[in-house]
Amino acid sequence: MKEDTAAPRPAFEKTSALYKVWLLVLLVLVYACSFLDRIVIAVLARPIKADLGLSDFQVGLLGGLSFALVYTVAGLPLGRLAERTHRVRLIAVCIVIWSAFAALCGMAANFWQMVLFRAGVGIGEAGCTPAAHSLIGDQFPPHRRATALAVYALGVPIGVLAAAFGGGWLAQTFGWRYAFIILGLPGILLGVLTFLTLREPARGRYDGAAGAASAEVPPFSEVLRRLWAKRAARHMIIGTAIGAFGLQAINQFIPIYLGRIFGMSLLQAGFTFGITVGVGGFIGIALGGYLSDLLAHRDKRWYSWVPGFASVLGAPVAYLAFAQSSETLAIAGIFLFLVLVMSWNGPTFAVVHAAVHPRMRASSTAVVLLVMSLIGHGLGPAAIGLVSDTLAGHAFTGTGAYLAACAGPAASNPQATACAAAAATGIRLSMICFTVFLVWAGLHYLWAARSLREDTRATDLPQTRPAEPPLPLAAISPARQ
């Protein structure tokens with residue numbers, strides 16, 4: 001999968017607006033497919049839990065650590081590979097791998113088989129976003145990069161919508177096993193489209209001297225050193241990891257929360273999950289990237305202020321939402337909370353990419369995804385599941401007694417009413433507790449603003465909009481492209 005260097009291309013290729021639109025559309029669909037296969041287990045958690053006899057903690061492990069641990073371990077070498085190899089081919093291969101394992105999840109007979117298949121999904125998905133971010137960085141100039149990265153991140157809410165509506169309906173109609181199989185297979189078509197229609201751009205095409213200086217791939221230690229030395233990037237990454245811990249924990253259990261507190265069916269909970277997380281996230285991600293780019297032309301610190309203020313404000317909104325006894329007010333609050341806290345994506349990666357050279361972008365994305373996924377996706381859902389089981393146990397007669405008495409289908413359980421009441425108490429209190437992590441994350445984003453202008457003075461977060469291309473063609477070497 002080495003890069004094709006036999007026929008060097010011009011250092012600055014004229015790329016049509018139509019191709020850029022197609023690139024983003026296809027990458028958004030790829031990311032949506034990725035997130036669909038990742039998040040659909042949250043929609044299907046209730047029938048899986050009942051069928052396999054799992055606890056909330058085990059459900060959290062399936063939605064979190066079993067995926068995230070492999071995802072993060074594989075992400076670094078695949079991110080480094082994206083710096084050296086043909087990124088389009090790498091993405092296409094990864095799509096096929098994760099789609100196959102996603103379909104295999106429907107054949108799991110027990111908890112450990114499901115863990116294995118979820119790990120396979122993680123391996124495939126680990127190679128997608130670092131390579132995609134690197135492609136986007138070479139197709140869009142700095143002053144449009146936060147917006148372009150935010151558009152790419154719209155794959156998250158689109159994937160959530162597809163998982164919520166498609167997964168809920170398929171599970172209720174055909175069963176959760178067929179839902180996994182049917183939703184896993186379309187990714188193969190996207191892999192073929194990616195391979196046939198996307199092309200590999202010249203690296204560093206918008207980065208002038210930085211692009212020329214980074215013709216050789218720097219060692220990974222240099223990527224880590226540079227990210228740590230840039231205080232703004234460091235605090236943005238820390239804020240993202242802490243925010244993901246709270247946000248992914250809450251998101252994973254929203255369908256279960258809606259079922260336990262308001263008695264929603266699987267289809268109703270899936271639909272509501274899609275509207276709140278999917279549509280709310282879509283709006284939040286789009287606004288976060290657009291507003292950051294728009295306002296940063298006056299003051300670069302808006303790249304930090306937008307996610308910072310939104311996260312701090314989102315925490316009390318989430319608290320009020322999960323404390324509600326009114327279904328309508330709770331859903332409206334969850335929707336607004338997700339609009340606010342999902343604004344982090346575009347500005348965060350814009351700041352991180354501005355802190356590194358072009359041949360470090362895939363690696364820097366892999367670093368962000370590593371800490372975000374391991375702490376957020378990996379530990380968050382398992383932690384909130386453990387807290388939920390513990391609090392439910394306190395509302396019952398003890399955690400051990402609760403897990404022993406309340407596992408399995410409610411229809412055959414003589415203590416079903418007491419179990420349901422304890423489970424509802426546990427899930428409500430645990431959701432409320434985890435809103436504190438959103439405030440903590442917001443403070444790191446705001447802290448990043450203190451050094452953002454200084455850290456990006458010599459990098460590519462622009463004060464004014466440069467022309468395309470920003471430098472003469474001779475300033476960018478095509479030798480390694």
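Throughout what follows, the structure given in this document is the object of discussion. (Residues numbered from 1 in each chain as written. Predicted model: local features only at pLDDT ≥ 70, side-chain atom pairs only at ≥ 80, totals over all residues. Heavy atoms only, no water.)

1. Section: empty space enclosed by the protein
Per the stated rule, a full pass over the model turns up six cavities of 30 Å³ or more. Roughly 230 Å³ of volume is contained in the largest cavity. Lining the largest cavity are 21 residues, and of these L247, Q248, M342, W344 and M372 lie nearest its centre. Listed by contribution, the elements that provide at least two residues to the lining of the largest cavity are helix 1 (17-43), helix 14 (231-262), helix 19 (361-395) and helix 22 (436-455). (1 Å grid on protein atoms, 1.4 Å probe; cavity = no way out; pocket = protein on both sides within 12 Å on 5 of 7 lines; lining within 4 Å. Points joined across faces, edges and corners; volume = space filled by probe spheres on them. Helix = DSSP H or I, 4+ residues; strand = E, 2+ residues; numbered from the N terminus.)

2. Here we look at helix 9 (residues 155-174)
All buried positions along helix 9 are accounted for by G155, V156, P157, G159, V160, L161, A163, A164, G167, G168, L170 and A171. Turning to helix 9, the residues buried within the fold contact helix 1, helix 8 (142-153), helix 10 (176-184) and helix 15 (266-296). Just downstream of helix 9, G175 is the residue with a positive phi angle, here 105°. (Buried < 20%, exposed > 50% of the residue type's maximum accessible area, 1.4 Å probe, protein only. Contact = heavy atoms within 4.5 Å.)

3. A word on the pattern of salt bridges
Pairs can form between side chains of opposite charge once their charged atoms are near each other. Inspection of the entire model under this criterion finds seven salt bridges. With a closest N to O distance of 2.8 Å, D138 and R87 form a salt bridge. Here R87 lies in helix 5 (residues 87-104) and D138 lies in the loop between helix 7 (128-137) and helix 8, a separation of 51 residues in the sequence. Given the relative accessible area of 1%, D138 is considered buried. A residue is classified by how much of its surface remains accessible, and R87, at 0% relative accessible area, is buried. Residue E222 is joined to R225 by a salt bridge in which the shortest nitrogen-to-oxygen separation is 2.9 Å. (Salt bridge = Lys/Arg side-chain N within 4 Å of Asp/Glu carboxyl O.)

4. Quick notes on the environment of V306
Take V306: it is sitting in helix 16 (residues 302-322). Remark: the alpha-carbon pair of V306 and L287, spanning 19 residues in sequence, is separated by 9.4 Å. With residues up to four places along the chain from it excluded, the contact list for V306 reads G288, S292 and S343.

5. Focus: the side chain of S363
Relative to the helices and strands, S363 resides in helix 19. If we ignore the near neighbours within four places in the chain, the residues touching S363 are G79, R80, E83, F220 and V223.

6. What to know about the side chain of T276
Note that T276 resides in helix 15. A residue is classified by how much of its surface remains accessible, and T276, at 1% relative accessible area, is buried. A polar contact of 3.3 Å, which involves the side chain of T276, links it to the backbone oxygen of F273. Apart from the residues lying within four places of it in its own chain, the contact partners of T276 are G281, I331, I334, F335 and L338. (Polar contact = N/O pair within 3.5 Å; in protein donor to acceptor, adjacent residues only side chain to side chain.)

7. What to know about the packing of aromatic side chains
Under the counting rule described, the total for this entry stands at 15 aromatic pairs. Their ring planes at 75° and their centres at 5.0 Å tell us that F111 and W112 sit as a pair that is edge-to-face. Among the residues examined, F111 registers a relative accessible area of 10% and is labelled buried. Between F322 and F337, the ring centres sit 6.4 Å apart and the planes meet at 70°, which makes this aromatic pair edge-to-face. Placement of the pair is F322 in helix 16 and F337 in helix 17 (residues 327-341), with a sequence separation of 15 residues. One aromatic cluster is present, built from ring pairs that chain together F245, F434, F437 and W440. Looking at K20, its charged tip hangs above the ring of F140, at a distance of 5.4 Å from the centre. Its end group placed over the ring of W228, R234 keeps NZ or CZ at 4.6 Å from the ring centre. (Phe/Tyr/Trp six-rings, centres within 6.5 Å; stacked < 30°, edge-to-face > 60°. Lys NZ or Arg CZ within 6 Å of the ring centre and 35° of its normal.)

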